[in-house]
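Chain and residue survey
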Amino acid sequence: IARADVLVATVRATVQADGARGLYSGLSLQVLQNSGKVGIRFFVYQGLQGLGSDKRAKTAAGFMAGAIEAFLWITPCERLKILRIKHAGQPLPAVLSAARSEGLAGLWAGATPTVLRNGGTVGF
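Keep in mind that this is a model prediction, so the values were computed, not measured.

The rules behind the values
Residues numbered from 1 in each chain as written. Predicted model: local features only at pLDDT ≥ 70, side-chain atom pairs only at ≥ 80, totals over all residues. Heavy atoms only, no water. Helix = DSSP H or I, 4+ residues; strand = E, 2+ residues; numbered from the N terminus. Buried < 20%, exposed > 50% of the residue type's maximum accessible area, 1.4 Å probe, protein only. Contact = heavy atoms within 4.5 Å. Axes fitted to C-alpha atoms, helices over the stretch in contact; angles between N-to-C directions. Parallel < 35°, antiparallel > 145°, perpendicular 65-115°, else oblique. Left-handed = near helix turned anticlockwise from the far one by under 90°. Salt bridge = Lys/Arg side-chain N within 4 Å of Asp/Glu carboxyl O.

Turning our eyes to something else, we now look at the side chain of Thr114. Tracing the backbone shows Thr114 in helix α5 (residues 111–123). A relative accessible area of 12% means that Thr114 is categorised as buried. If we ignore the near neighbours within four places in the chain, the residues touching Thr114 are Ala70, Ile74 and Thr75.

Structure follows, in structure tokens:
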């Protein structure tokens, strides 16, 4: 089956099950996640541009901006997204369950690979 066929079938099934609004389910969370991470990245990068103007300094500033963005925003958002899926789309039970079982630090599970990946992606 071609990818386009799968996409069309998925859109049809979603519209039949939930109407056209179903195509936008979860959009507000995605917009929140993207706006937060981009805001952090640009704020940090702008602050670090004073390190120098050569390519090495810009790369270091990009890496650090990406790493900070990943630690402060991406890791907890991705963890909440996973928990939300696990709890059938219910965000509040997902957060409460994670808080009870893992504490607040549980939101940063998997932070190291996320920080390294994002720092490298933004920095280079």
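This part takes up the packing of helix α3 (residues 55–86) against helix α4 (residues 91–102). Running from N to C, α3 and α4 cross one another at 110°; their axes reach a closest spacing of 8 Å. As far as their axial angle goes, α4 and α3 are roughly perpendicular. The hand of the α3/α4 crossing is right-handed. From α3, Arg79, Leu80, Leu83 and Arg84 reach across to α4, where they touch Pro91, Ala94, Val95, Ala98 and Glu102.

This paragraph deals with the pattern of salt bridges. Going through the model one piece at a time under the given rule, you end up with three salt bridges. With a closest N to O distance of 2.8 Å, Glu69 and Arg41 form a salt bridge. In this pair, Glu69 is assigned in helix α3 and Arg41 in helix α2 (residues 27–48), connecting sequence segments 28 residues apart. We note a salt bridge from Glu102 to Arg79, for which the minimum N-O separation is 2.5 Å.

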